Amino acid sequence: MSQIIIDPIRKPRTTSGTVSITPIPNKARQFGFVPDLRHCKAGDLILSCSVKPGFLEKHIYRIQTRAGFSAEDSRWTHAAVFLYEDFIVEAVPLRGVISRTLYSDIPESVLRVRRSPGLHDNERYKIALCAQRMLGTRYNIKAALSLGWRAFLSGMWDRAWFPSINSVIICSKVFYDAHVEITRKLLSGCPISDLVMPAHLSATSDLQDINVPWVKLS
Amino acid sequence: MPERETRIEFSGTVVRIEADGFGIIKFDHPIGPSSNTLGFFSSSTSSALPFDDLRPGAHVIGMAEADERDIAAIKQLVVTSRST
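Residues numbered from 1 in each chain as written. Chains lettered and ligands numbered in written order. Predicted model: local features only at pLDDT ≥ 70, side-chain atom pairs only at ≥ 80, totals over all residues.

Looking at the overall build of chain A
Stage number 1. On a plain count of helices and strands, chain A comes out with seven helices and nine strands.
Stage number 2. The long-range share in chain A, meaning contacts at least 24 apart out of those at least 6 apart in sequence, stands at 78%. (Helix = DSSP H or I, 4+ residues; strand = E, 2+ residues; numbered from the N terminus. Contact = placed C-beta atoms within 7 Å.)

What follows is the structure, given as structure tokens:
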């Protein structure tokens, strides 16, 4: 199934209108278009990858393809959770857990919005809040290592990359766990005892892609 | 709220536990109306859990609420043997 993505590489030809947003990051303003985030809901999964992937992202891509994922699913190297308006929450290497505007990804990242269908709005907000709570607690490398990850990771990851890749793992797994805790539904294809990677969340058929059109900035 | 939720005894093995207290248990035998093989616990669904003794591989018994959904919610548990 083809993915519905927000791709700034191809300058948007069609938009759903014109909006005035203030403040907005300079790069996004210079680009002239932003995704119409009114189509997003709390608890939505935001997958992303850089338009020009760096060394770390290429490394994550290789790990995911080596784990058996298609190139289309392996391209996603970061996961975040949508909160409200234009805010997302995520774990970022060295900076820890942060909330920021999703507009700051424009035009340097390709985005994909995925959603669990059939949930009430209050469940979506609970997923967002649950993920925010879990991220705040889990972004602690000492805690992660003490839970036995060190032994597991040594066989799968290059340890030198662990601090950076840790945030990728934590974001993906937190979305999965928050979804399980609030909905008590498992996402097909995602491991329960293993590391959940962005590619798992890309490949699962239990999340639906959301079409988020571009809007022109006035 | 699901209509057929029932509280059922279980035994199983801790598959994983996270720093915030979220964890997953694999049941020794399926439980509940939809034969759940997995249950989860967290600080928000279970009032008093022996977090200090919970480790992946630990064997536990307890009570869980199960319904037609994929995974049961652990309400109480006791560690019967720690992981080796």
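Back to the text.
Notes on the interface of chain B and chain A
Stage number 1. Facing the 16 residues of chain B at the interface are 17 residues of chain A.
Stage number 2. Top element by residues in the side of chain B that touches chain A is strand β1 (residues 6-17) of chain B. It accounts for three residues.
Stage number 3. When grouped by side-chain class, the residues that make up the side of chain B that touches chain A number ten nonpolar, one polar and five charged. (Nonpolar A, V, L, I, M, F, W, Y, C, P; charged D, E, K, R; others polar.)

Points about the sheet that holds strand β4 (residues 59-66) of chain B
All names here are of chain B.
Stage number 1. If you trace the five strands once around the closed barrel, you get β1-β2-β3-β5-β4, paired in mixed fashion. Averaged over all pairs of adjacent strands, the angle between strand axes in this sheet comes to 45°, irrespective of strand direction.
Stage number 2. As paired elements, β1 and strand β2 (residues 23-31) share five bridges and run antiparallel to each other. Opposite Thr-13, over in β2, you have Lys-26 as the bridge partner. (Pairing = 2+ DSSP bridges. Axes fitted to C-alpha atoms, helices over the stretch in contact; angles between N-to-C directions.)

Some details on the environment of Val212(A)
All names here are of chain A.
Stage number 1. Tracing the chain through its elements places Val-212 in the loop between β8 (208-209) and β9 (214-217).
Stage number 2. For the pair formed by Val-212 and Tyr-176, sequence separation is 36 residues and the distance between their alpha carbons is 22 Å.
Stage number 3. If we ignore the near neighbours within four places in the chain, the residues touching Val-212 are Ile-6, Pro-35, Asp-36, His-39, Cys-40 and Val-113.

Regarding the pairing of strand β4 (residues 78-84) of chain A
Put simply, side chains in a regular strand alternate between the two faces of the sheet.
All names here are of chain A.
Stage number 1. Of all seven residues in β4, six are buried; the element is thus mostly enclosed.
Stage number 2. As judged from the four bridges shared by strand β3 (residues 45-50) and β4, these two strands associate in the antiparallel manner. In the sheet register, Leu-45 faces β4, and the bridge partner there is Val-81.
Stage number 3. Two elements, β4 and strand β5 (residues 87-92), share three bridges in a ladder whose sense is antiparallel. If you follow Val-81 over to β5, its bridge partner there is Val-89.
Stage number 4. The antiparallel hairpin formed by β4 and β5 contains two residues in its connecting segment, where Glu-85 sits at a positive phi of about 50°. (Buried ≥ 20, exposed ≤ 12 C-beta atoms within 10 Å, placed from the backbone.)

With respect to the nonpolar core
Stage number 1. Ranked by internal contacts, the top residues of the largest apolar core, which has 77 residues, are Ile46(A), Val81(A), Ala131(A), Leu135(A) and Phe175(A).
Stage number 2. Beyond its immediate sequence surroundings of up to four residues, Val81(A) is in contact with Gly43(A), Leu45(A), Ile46(A), Ile88(A), Val89(A), Ala128(A), Ala131(A) and Phe175(A). (Core = buried A, V, L, I, M, F, W, Y, C linked by C-beta atoms within 7 Å.)

Comments concerning the confidence of the model for chain B
Residues and elements named next belong to chain B.
Stage number 1. Considering every residue of chain B, the mean pLDDT works out to 87; 87% of them sit at 70 or more.
Stage number 2. Within chain B, the lowest mean pLDDT, 92, falls on strand β5 (residues 72-81), and the highest, 96, falls on β2.
Stage number 3. Both confidence scores are given for the complex: pTM 0.87, ipTM 0.87. (pLDDT = per-residue confidence, 0-100.)

Remarks on the pairing of strand β6 (residues 96-101) of chain A
All names here are of chain A.
Stage number 1. Judged from the six bridges that link them, β5 and β6 form a sheet pairing that is antiparallel. Along β6, the bridge assignment pairs Phe-87 with Thr-101.
Stage number 2. Taking the residues that link successive antiparallel strands as the turn, the β5-β6 hairpin has three residues, and the phi of Leu-94 there is positive, at about 75°.

What to know about the sheet that holds β4(A)
All names here are of chain A.
Stage number 1. Spatial strand order, β6-β5-β4-β3-β7-β8: six strands in an open sheet with antiparallel pairing. Edge strands, defined here as strands with exactly one partner in the open sheet, are β6 and β8.
Stage number 2. Sheet topology places strand β7 (residues 109-115) next to β8; two bridges connect them, and they run antiparallel. Bridge pairing in β8 places Arg-115 opposite Gln-208.

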